[in-house]
Amino acid sequence: METTINSFLKQNALATFLVVAVLSANGQIWLSNNRIQGLDDEIQVLYADFDPSPQ
């Protein structure tokens, strides 16, 4: 006997694939944004180290 989930996935294979693809892309974007933010923080520290103005 086929489960309800398996039946749904077979009938909506394209929609299921697209949902998984979007969620995967969303996760990759989130990871990339975190990496960029980390690099931006490091750059700001470097700028502060080389800033000739008195603190």
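What counts as what
Per chain, residues are indexed from 1 in the order of the written sequence. Where totals are concerned, whole chains, interfaces and linings use all residues; where local detail is concerned, this predicted model gives features only for residues with pLDDT of at least 70, and gives and counts side-chain atom pairs only at 80 or more. Each side-chain value is derived from all of the structure's non-hydrogen atoms; neither hydrogens nor water enter the calculation. The helix count covers DSSP runs of H or I at least four residues long, the strand count covers runs of E at least two residues long, and both are numbered beginning at the N terminus. Burial status follows relative accessibility: with a 1.4 Å probe on protein chains alone, a residue under 20% of its type maximum counts as buried, one over 50% as exposed, and anything between as partly exposed. Shrake-Rupley sampling with a 1.4 Å probe provides the accessible areas, and residues are treated as covered by the protein chains on show and by no other component. Like charges within 9 Å and nonpolar side chains (Val, Leu, Ile, Met, Phe, Trp, Tyr) within 5 Å are joined into patches, using only residues over 30% in relative accessible area that form no salt bridge. We define a salt bridge as a side-chain nitrogen of Lys or Arg found within 4 Å of a carboxyl oxygen belonging to Asp or Glu. By the criterion applied in these results, polar contacts are pairs of N or O atoms within 3.5 Å in which, for protein atoms, one can donate a hydrogen and the other can accept it, and in which residues neighboring in sequence qualify only through two side-chain atoms.

**Quick notes on the overall build of the protein**
The helix and strand inventory of the protein stands at two helices and zero strands. Over its C-alpha atoms, taken along the principal directions, the protein stretches across nearly 75 × 15 × 10 Å. The 55 residues of the protein split such that 0% are buried. For the protein, the computed accessible surface area is about 5,200 Å², with 66% contributed by carbon and sulfur atoms.

**So, the environment of Leu39**
Relative to the helices and strands, Leu39 resides in helix 2 (residues 13-50). For the pair formed by Leu39 and Ile29, sequence separation is 10 residues and the distance between their alpha carbons is 15 Å.

**Side note on a nonpolar patch on the surface**
A cluster of nonpolar side chains, namely Ile5, Phe8 and Leu9, defines an oily patch on the protein surface of about 310 Å² accessible area. Looking at the element boundaries, Ile5 is found in helix 1 (residues 4-11).

**Considerations on helix 1**
Within an α-helix, residues lying three or four positions from one another point in the same direction, as the helix has 3.6 residues per turn. In terms of residue burial, helix 1 counts as a barely covered element, since only zero of its eight residues are buried. Capping the start of helix 1 is the job of one residue whose side-chain oxygen sits 3.2 Å from the backbone nitrogen of Asn6: Thr3.

**A few points about the environment of Asp49**
You can see Asp49 is positioned in helix 2. Under the relative-accessibility criterion, Asp49 is labelled exposed at 57%.

**Details of the environment of Ile29**
Here Ile29 shows up in helix 2. Since its relative accessible area comes to 48%, Ile29 is described here as partly exposed.

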